[in-house]
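Coordinates in review
Here is how the chains run, residue by residue.
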Amino acid sequence: GSGHTVFSLINNSMSAIIFRIPAAYIFGMVFDYGLKGVGAGAPVASGIAAIVGFLYFLSGRWKRIVIVQNK
């Protein structure tokens, strides 16, 4: 996280809620894969979160210092 805990929190929350549930529904119900489709939703959501994290890394915004040390 390099001190950027808010980004980590948002990215992981999006992975767990916003991406995983719809992906599980789409694979399980829409594509009619059943329980295997529901299980496929988790790695798909993790892959999307990894792509978002990689894009954040490429942006260079993680290099900014966000932790303030008391003197």
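For the structure, see preceding data.
A brief look at the structure comes next. (Residues numbered from 1 in each chain as written. Predicted model: local features only at pLDDT ≥ 70, side-chain atom pairs only at ≥ 80, totals over all residues. Heavy atoms only, no water.)

Points about the side chain of asparagine 11
Where we set the bar: In this text, helices come from DSSP runs of H or I with a minimum length of four residues, and strands from runs of E with a minimum of two, each type numbered from the N-terminal end. Burial classification: accessible surface area is computed with a 1.4 Å probe over protein chains only, and a residue below 20% of its type maximum counts as buried, one above 50% as exposed, and the rest as partly exposed. Note on contacts: a residue pair is in contact if any heavy atoms of the two residues lie within 4.5 Å.
Relative to the helices and strands, asparagine 11 is located in helix α1 (residues 5–30). Under the relative-accessibility criterion, asparagine 11 is labelled buried at 9%. Residues in contact with asparagine 11, not counting those within four places in the same chain, are Ala49, Val52 and Gly53.

Digging into the packing of aromatic side chains
Threshold: For this analysis, a ring pair means two rings from Phe, Tyr or Trp (six-membered ring only for Trp) whose centres lie within 6.5 Å, classed as stacked if their planes differ by under 30 degrees, edge-to-face if by over 60, and tilted for the remaining angles.
In total, this model carries five aromatic pairs according to the counting rule given. A ring pair is formed by phenylalanine 7 and tyrosine 56, whose centres lie 3.9 Å apart and whose planes are at 10 degrees; its orientation type is stacked. Remark: tyrosine 56 occurs in helix α2 (residues 35–59) and phenylalanine 7 occurs in helix α1; sequence separation between them is 49 residues. The class for tyrosine 56 is buried, based on a relative accessible area of 15%. Between phenylalanine 27 and phenylalanine 31, the ring centres sit 5.9 Å apart and the planes meet at 55 degrees, which makes this aromatic pair tilted. For phenylalanine 27, a relative accessible area of 22% gives the class partly exposed. In this structure an aromatic cluster arises from ring pairing among Phe27, Phe31 and Tyr33.

Things to note about α1
Cut-off, in case you're wondering: In this scheme, a helix's expected span is set at 1.5 Å multiplied by one less than its residue total. We define the bend at any residue as the angle between the axes fitted to the seven residues before and including it, ending there, and the seven starting there.
Here α1 contains 26 residues, and its C-alpha end-to-end distance of 35 Å stays within 8% of the 38 Å for a straight helix at 1.5 Å per residue. Along α1, the helix axis deviates most sharply at arginine 20, where the bend reaches about 40 degrees; the proline proline 22 sits within four residues downstream. All buried positions along α1 are accounted for by Asn11, Ser15, Ala23, Ala24 and Gly28. Lining the buried residues of α1 we find α2. Immediately downstream of α1, the backbone of aspartate 32 shows phi near 60 degrees, a positive value.

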